[in-house]
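Working through the structure, step by step
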Amino acid sequence: MTRSYALIDRDSWRPYFGLVLFCGIALVLSVPSARVVRDLGSASLLSGSPIFFYAHALFMGVLGLALGAGSAERGEQGGPMVAALGLRVLIGQLLCLPYLVFARALFPGRGGAFTLIVILTTLVALALAMLSRVLERPRRVGPSLGLLLKYVLFLAYYAAPLARLSLLSPLGAVQLLLEGAAPSEALLAFAFPVALLAVLSPLAAGTKGEGRV
């Protein structure tokens, strides 16, 4: 018998607040003063690129971890679980849409990069949701260890590749796309989260939850 899951319940909104709050703060920090409005790139704090998109990539990942943990708590399983997580990630992107439109107006001429970043961060958030779903409450790993492990892997995914192959990190991939990546580089930046999804989705779909249904 196929189970249906509510996309959002009373407790499910909390992870979105952090995404909207911190992305909003980052967007404010990306807005230059009137005296430097003609040189928007130099007004940014990170490598001449809008810091909003770094914050967006980071907190979409955090959202993915929270959504995966919520899915584990509800005991969601199978294909419907994967679909529900995908839709919840898209809700996060929808909530950031006003920010994205405003950032697009602040930094004209990068519309293609912005679209690619939205796609990339959606894939990253969904991959991390699957990782969290696998690690948070499986029978073979205690809840505390699963919680610790998922954040260690999250930090490793975002920070470790910056030292040598930065485009494997979501933050490095965002910078690469904003600077105008070569097709081969952009392909590799997208291939990594797609590969994570391909590996983690079947594992997450087959994981039995321990919480409520």
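Looking at the secondary structure, you find Arg-74 in helix H3 (residues 51-74). Within polar-contact distance, the side chain of Arg-74 engages the backbone oxygen of Gly-70 at 3.0 Å.

Another point: the state of the cysteines. A full pass over the atoms with the stated rule returns zero disulfides. The thiol of Cys-96 is not disulfide-bonded; the next cysteine sulfur, from Cys-23, is found 4.3 Å away. The exposure class of Cys-96 is buried, given its relative accessible area of 0%.

The final tally for this structure, using the stated rule, is seven aromatic pairs. Ring geometry for Phe-53 against Phe-114: centres 4.4 Å apart, planes inclined by 35°, an arrangement best described as tilted. Taken as a pair, Phe-53 in helix H3 and Phe-114 in helix H6 (residues 111-136) lie far apart in primary sequence, 61 residues in all. Each member of the pair, Phe-53 as well as Phe-114, carries the same accessibility label: buried. Where Tyr-157 meets Tyr-158, the ring centres are 5.6 Å apart and the plane angle is 70°; that geometry is what we call edge-to-face.

About the criteria used
Residues numbered from 1 in each chain as written. Predicted model: local features only at pLDDT ≥ 70, side-chain atom pairs only at ≥ 80, totals over all residues. Heavy atoms only, no water. Helix = DSSP H or I, 4+ residues; strand = E, 2+ residues; numbered from the N terminus. Polar contact = N/O pair within 3.5 Å; in protein donor to acceptor, adjacent residues only side chain to side chain. Disulfide = S-S within 2.5 Å. Buried < 20%, exposed > 50% of the residue type's maximum accessible area, 1.4 Å probe, protein only. Phe/Tyr/Trp six-rings, centres within 6.5 Å; stacked < 30°, edge-to-face > 60°.

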